[in-house]
Amino acid sequence: MLPEGWNREELGTVASFASGNTPSKQNTAYWGGDMPWISAKDLKRPVMSNSIDTLSDDGAAVAKLASPGSVLILVRGMTILKDIPVALAGRRLAFNQDVKCLSGRRGVENRYLALALTAKKRAIMRLVNTANHGTGRLDTDLLKSLLIEFPNSAEQQKIVELVSTWDQAIETVDKLIETARAQKTALMQQLLTGKRRLPGFEGAWRTFSFSDAFTVSNDKSKQVPKGEYEQAGDWPIVDQGQGRVAGFTSNRRPRTDLPLIVFGDHTRAVKWIDTPFCPGADGTQILKPKPCFDPKFAYYLLQSISLPNLGYSRHMRELKEREFRAPECANEQAAVSDLLDGAVEEVVALAKQRECFEIEKRALMQQLLTGKRRVKVEEPA
């Protein structure tokens, strides 16, 4: 039941739709200017004012352009299989064919429209189909049939103002996270190369080969084939992907000779594991630091190494050919690890704070955008 004074209409009725395009990549005169050109890889912020790829004046002249304040929504690509990015255009910009540009009408304001679409992401994802090659596709006609609830213009503006308070808080935390990550990276570059020594440590550093520093400790009987990932169980499966846990299993005995380091032979991902787990079988390599290395120091050392993108199953070979420099003093290694742990914990704490803000924002939106919680709108004098 709609709240008093609210309306419910199809998205295609309350918003106009425009499709984007891609100026010819063969014409270099179209690219590299000041005009943002938004694609899926850019839609990661609530307001878009810049992009990875840009257009020249000539490129902008043949591109589809969005006006400032328009709503951008991704309608094609692998991303929409797990999320539906929605953003406002922070300035006049171009956008590609995987993005639709919406403008509110019939009393629906763009900022409110963006919030309404964000609040209905789950419903929108149910409309997504996969093309022949597995790419997600959101049919425009299905999207236009989505029902949108909205109050009068004054109440829409008040709702947007309240939600914007949380957006500002999240943006502030994002900047803090970015700074903390940069500081952590700089700290790693200084401490793991010996450019900066901690007070009280002056001993020599030495060079270690891979075999001096690590043992490749793969027990095939504990590896979990991909086909068993979905089986319920008590033991987490850790594979070479970026995520920590890929599934759970009870069919394998877990690794308990901890701590260990998981290295992805295909992905180059490095993970610190200090709880019982079962390794995945697809390119997952288990490294055990030797006694000459503090285990956590060895983990950070591996994290700091840049490996070229060599393709399938060649990164472990490259890693084994590397040499590593580290202080001979185990106490110095441990002290460096403790300092880097502190930097990591700062990033994690900020990320948890951001997650809490996101939860609070979603809860507020669920109340405001359904009319369960009404806002007070002052009558004009």
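Overview of the structure. Sequence positions are assigned chain by chain, starting from 1 and proceeding in written order. The predicted nature of this model means local features are confined to residues of pLDDT at least 70 and side-chain atom pairs, given and counted, to a pLDDT of 80 or more, with totals for whole chains, interfaces and linings taken over all residues. Derived side-chain values reflect all non-hydrogen atoms in the structure, with water molecules and hydrogen atoms excluded from consideration.

A look at the overall build of the chain
Next, step 1: Only DSSP runs of H or I reaching four residues or more are called helices, and only runs of E reaching two or more are called strands; each is numbered from the N terminus. The number of helices and strands found in the chain is 10 helices and 22 strands.
Next, step 2: C-alpha atoms of the chain, sized along the principal axes, occupy 75 × 50 × 50 Å.
Next, step 3: For the chain, buried positions account for 42% of its 381 residues.
Next, step 4: With the model as given, the accessible surface of the chain reaches about 20,400 Å², and the carbon-plus-sulfur share is 48%.
Next, step 5: Under the convention used here, Asp and Glu are negative, Lys and Arg are positive, and both His and the chain ends fall outside the count. Taken as the charge location is NZ of Lys, CZ of Arg, CG of Asp or CD of Glu. Positive and negative charge centroids in the chain, built from 53 and 46 side chains respectively, lie 3 Å apart. Remark: exposure states derive from per-residue accessible area (1.4 Å probe, protein chains only) relative to the maximum for the residue type, with buried under 20%, exposed over 50%, and partly exposed in between. Only the protein chains shown count as cover for residues, and all accessible areas are computed by the Shrake-Rupley method using a 1.4 Å probe.

Description of the packing of helix H8 (residues 295-304) against helix H10 (residues 330-368)
Next, step 1: Relative orientation of the contacting elements H8 and H10 amounts to 60°, with a least axis distance of 8 Å. The chirality of how H8 crosses H10 is left-handed. Mapping the contact onto sequence places Lys296, Phe297 and Tyr300 in H8 and Gln333, Val336, Ser337, Leu340, Asp341 and Val344 in H10.
Next, step 2: The residue makeup of the contact of H8 with H10, split by class, is 5 nonpolar, 2 polar and 2 charged. All axes here are fitted lines through C-alpha atoms, helices being fitted over the stretch that makes contact, and every angle between N-to-C directions spans 0 to 180 degrees. For any helix crossing, the convention is left-handed if the near helix is rotated counterclockwise from the far helix by under a right angle, and right-handed if that rotation is clockwise. Contacts are assigned to residue pairs with any non-hydrogen atoms lying within 4.5 Å of each other. Each residue receives one of three labels: charged for Asp, Glu, Lys and Arg, nonpolar for Ala, Val, Leu, Ile, Met, Phe, Trp, Tyr, Cys and Pro, and polar for the others, Gly being one of them.

So, H8
Next, step 1: H8 sits mainly inside the fold: 7 of its 10 residues count as buried.
Next, step 2: Buried within H8 are the following residues: Lys296, Phe297, Ala298, Tyr299, Tyr300, Leu301 and Leu302.

Quick word on the sheet that holds strand E17 (residues 247-249)
Next, step 1: The rule for pairing is simple: two strands pair if DSSP sees at least two bridges between them. If you trace the 3 strands from one edge of the open sheet to the other, you get E17-E16-E20, paired in mixed fashion. Among the strands making up the open sheet, the edge pair consists of E17 and strand E20 (278-279).
Next, step 2: As defined by bridge partners, strand E16 (residues 235-238) adjoins E20 across 2 bridges and the pair is classed as parallel. Across the sheet, Ile237 pairs through a bridge with Cys278, a residue of E20.

A few points about the sheet that holds strand E18 (residues 260-264)
Next, step 1: Read across the open sheet, the 4 strands follow the order E15-E21-E18-E19; overall the sheet is antiparallel. The open sheet has two free edges, formed respectively by strand E15 (214-216) and strand E19 (270-273), since each of these has just one partner strand. Averaged over all pairs of adjacent strands, the angle between their axes in this sheet comes to 30°, without regard to strand direction.
Next, step 2: Of the pairings in the sheet, the one linking E15 to strand E21 (residues 284-289) comprises 3 bridges and is antiparallel in character. Across the sheet, Thr215 pairs through a bridge with Lys288, a residue of E21.

With respect to the state of the cysteines
Next, step 1: We call a pair of cysteine sulfur atoms a disulfide when they lie within 2.5 Å. For the structure shown, the criterion picks out 0 disulfides.
Next, step 2: Between Cys329, a cysteine without a disulfide, and Cys292, which holds the nearest cysteine sulfur, the sulfur-to-sulfur distance is 13 Å.

Section: unusual backbone geometry
Next, step 1: Across the junction of Leu258 and Pro259, the peptide omega takes the value -5°, indicating a cis bond.
Next, step 2: Inspection of the secondary structure puts Pro259 in the loop between E17 and E18.

Quick look at the packing of helix H6 (residues 153-191) against H10
Next, step 1: Contact geometry for H6 and H10: axes closest at 9 Å, N-to-C directions at 165°. Here H6 lies roughly antiparallel to H10, going by the angle between them. As H6 runs across H10, the sense of the crossing is left-handed.
Next, step 2: Residues that form the contact of H6 with H10 fall into these classes: 25 nonpolar, 1 polar and 9 charged. Our angle categories are set so that under 35 degrees counts as roughly parallel, over 145 as roughly antiparallel, 65 to 115 as roughly perpendicular, and the remainder as oblique.

No statement about biological role is implied by the geometric values presented.
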